[in-house]
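Residue strings, one per chain:
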Amino acid sequence: MRLVHTIAQVREAVADARRLGSTIGLVPTMGALHEGHLSLMRQSRRQCGFVAVSIFINPTQFAPSEDFASYPRTLDDDAQKCEQEGVDLLFAPNALEMYPQGFDSWIEVGGLTSLLEGVSRPGHFRGVGTVCLKLFNISQPDRAYFGQKDYQQLQVIKKMVSDLNAPIEIVTVETQREHDGLALSSRNRYLSKVERQAATVLYQALQAAQAEYASGQRDSSALEQVIHSVITAQPLAEIDYAVVVDADTLLPVDTIDRRVVVLLAVRVGLTRLIDNIILNNDATNNWIIPD
Ligand code: AMP
């Protein structure tokens, strides 16, 4: 595996791989890698001849009040994990490489970004869209891999790729979880022991919604009530939003007559966690990946 820090080095490595006829896979991350990230790499490894991973804690997607400064930075450990997963190229640029002085062009995806995370984290998706398009242009992958865990981000990226005709296939990878259902996240390490225990309430709420749905409930406000009652029973948890929405537009639905997703953002102590599930008719409660 090659570890590189400049855009020129990425272009060179990708051009070499292309000359050999390889398809290129890109896995964009912010590092502090866990099994969730590794599952994206494995999927990319199965589908592409050349796998590139980026690690960049993108300053433009953090609001001033957020955890940019304290976000975990573990490059040596991350590089080892990438190596073990058979990654070909690890791109770890610094902020100036990505945003040189005078940088001033931004991606704004419409409607989808004015909801939910977009309300709680103004400017977040502008930063995400911009950095992802830059990473796509830098490495020109055939496929880019994203986790279902960040469901709204995934929809925003798909919309950007479609609207702007980026010649890239976006591949969705299902959410990887701890044994008790907590979705893996780099931010889980902020949780104290007691908060970590309390954080399982997100998964419990999703499961409760899925069980109600599988037993025939099609009224979304009734499902939202179930979700709210599960979460509010946990004193350390505070709901930011907990909604049942159209799985494509993320707009509210009354009666569930199409594919819907439950989206949760919940603060546990000072840590904000998100999770989701696409509701399905499977009473055995299997997770389903969109598309
Ligand atoms: P991040 O480093 O948090 O920006 O995440 C990088 C990528 O990994 C994004 O596409 C995430 O959706 C994905 N990801 C994060 N956590 C998980 C998880 N638990 N399961 C699957 N993918 C994940």
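Quick notes on the rules
- Residues numbered from 1 in each chain as written.
- Predicted model: local features only at pLDDT ≥ 70, side-chain atom pairs only at ≥ 80, totals over all residues.
- Heavy atoms only, no water.
- 1 Å grid on protein atoms, 1.4 Å probe; cavity = no way out; pocket = protein on both sides within 12 Å on 5 of 7 lines; lining within 4 Å.
- Points joined across faces, edges and corners; volume = space filled by probe spheres on them.
- Helix = DSSP H or I, 4+ residues; strand = E, 2+ residues; numbered from the N terminus.
- Nonpolar A, V, L, I, M, F, W, Y, C, P; charged D, E, K, R; others polar.
- Domains from an automatic or database assignment.
- Pairing = 2+ DSSP bridges.
- Axes fitted to C-alpha atoms, helices over the stretch in contact; angles between N-to-C directions.
- Contact = heavy atoms within 4.5 Å.
- Buried < 20%, exposed > 50% of the residue type's maximum accessible area, 1.4 Å probe, protein only.
- Near = heavy atom within 4 Å.
- Polar contact = N/O pair within 3.5 Å; in protein donor to acceptor, adjacent residues only side chain to side chain.
- Areas by Shrake-Rupley, 256 points an atom, 1.4 Å probe, with all protein chains shown as cover.
- Sits in = over half its atoms within 2 Å of the grid points.
- Salt bridge = Lys/Arg side-chain N within 4 Å of Asp/Glu carboxyl O.
- Expected span 1.5 Å × (residues − 1).
- Arc of directions from axis to C-beta.

Participant: Account for the layout of surface pockets, with residues named and values stated.
Facilitator: The computed volume of the largest pocket comes to approximately 1,100 Å³. Met-30, Tyr-71, Arg-121, Asp-150 and Arg-187 are, among the 50 residues lining the largest pocket, the residues nearest its centre. Those elements that provide at least two residues to the lining of the largest pocket are strand 2 (24-29), helix 2 (35-47), helix 5 (117-120), helix 6 (124-139), strand 5 (143-147), helix 7 (151-163) and strand 9 (271-278). Counting residues per element, the lining of the largest pocket draws most heavily on helix 6, at six residues. Taken together, the residues that form the lining of the largest pocket break down as 20 nonpolar, 20 polar and 10 charged. Lining the lining of the largest pocket are residues from two domains, each supplying at least three of them: domain 1 (2-173) and domain 2 (186-288). Computed from the structure, the second largest pocket encloses a volume of approximately 170 Å³. In terms of residue class, the lining of the second largest pocket is made up of nine nonpolar, three polar and two charged.

Participant: Quick one: what's the story with the sheet that holds strand 9, residue by residue and with numbers?
Facilitator: Within a sheet, adjacent strands bond to each other through the backbone by hydrogen bonds, running parallel or antiparallel. What the three strands build is an open sheet, ordered 7-8-9; its pairing is antiparallel. Pairing within the sheet leaves two strands with one partner each, and these edge strands are strand 7 (237-246) and strand 9. Mean inter-strand twist for the sheet, computed between neighbouring axes without regard to direction, equals 15°. Contacts from helix 9 (residues 201-214) reach strand 7, strand 8 (260-268) and strand 9 within the one sheet, and its direction differs from that of strand 9 by about 20°. Relative to strand 7, helix 10 (residues 220-232) is tilted by about 160°, and along the sheet it contacts strand 7 and strand 8.

Participant: Please give an account of the environment of Pro-100 that cites residues and values.
Facilitator: Tracing the backbone shows Pro-100 in the loop between helix 4 (95-98) and helix 5. Accessibility expressed as a relative area gives 42% for Pro-100, which makes it partly exposed. Put simply, Pro-100 and Arg-73 are 27 residues apart on the chain and 21 Å apart in space, counted from C-alpha to C-alpha.

Participant: Explain the site of the ligand to me, and be specific about the residues and the numbers.
Facilitator: Around the ligand, the structure places 17 residues, and the nearest of them are Met-30, His-37, Asp-150, Gln-176 and Leu-184. Contact between the ligand and Asp-150: an oxygen atom at 2.6 Å from a side-chain N or O atom of the residue. A distance of 2.9 Å separates a nitrogen atom of the ligand from a polar atom in the backbone of Gln-176. For the ligand, whose unbound accessible area comes to 490 Å², protein coverage reaches 93%. A molecule is said to occupy a pocket when more than half its atoms come within 2 Å of that pocket's grid points, and by this definition the ligand occupies the largest pocket. If you list the elements that add at least two residues to the shell around the ligand, you get strand 2, helix 2 and strand 5. Take the shell around the ligand: its biggest share by element is three residues, from helix 2. The class makeup of the residues in the shell around the ligand is six nonpolar, eight polar and three charged.

Participant: I'd like a rundown of empty space enclosed by the protein, residues and numbers included.
Facilitator: One pass over the full model with this rule turns up four cavities of 30 Å³ or more. Roughly 50 Å³ of volume is contained in the largest cavity. Lining the largest cavity are Glu-117, Lys-149, Tyr-151, Gln-152, Tyr-241, Leu-263, Leu-264, Ile-274, Asp-275 and Asn-276. Of all the secondary-structure elements, those providing two or more residues to the lining of the largest cavity are helix 7, strand 8 and strand 9. Per-element tally for the lining of the largest cavity: the top contributor is strand 9, with three residues. A class-by-class count of the residues in the lining of the largest cavity yields five nonpolar, two polar and three charged.

Participant: Describe in detail the domain arrangement of the protein chain, supporting the description with residues and values.
Facilitator: Per the domain assignment, the segments of the protein chain are domain 1 (2-173) and domain 2 (186-288). Each of domain 1 and domain 2 has a C-alpha centre, and these two points are 26 Å apart. Contacts between the two partners involve 22 residues from domain 1 and, on the opposite side, 21 residues from domain 2. Taken together, domain 1 and domain 2 are joined by two salt bridges. A salt bridge links Arg-272 to Glu-117; its shortest N-O distance comes to 2.7 Å.

Participant: Go over helix 10 with me, naming the residues and quoting the values.
Facilitator: Here helix 10 spans 18 Å end to end across 13 residues, near enough to the 18 Å set by a 1.5 Å rise per residue. Turning to helix 10, its buried residues number three or more, namely Ser-220, Leu-223, Ile-227 and Ile-231. On an axial view of helix 10, the arc spanned by its buried residues comes to 70°, and they lie on one face. When the buried face of helix 10 is taken as reference, the exposed residues oriented beyond 90 degrees from it are Gln-225 and Thr-232. Elements in contact with the buried residues of helix 10: helix 9, strand 7 and strand 8.

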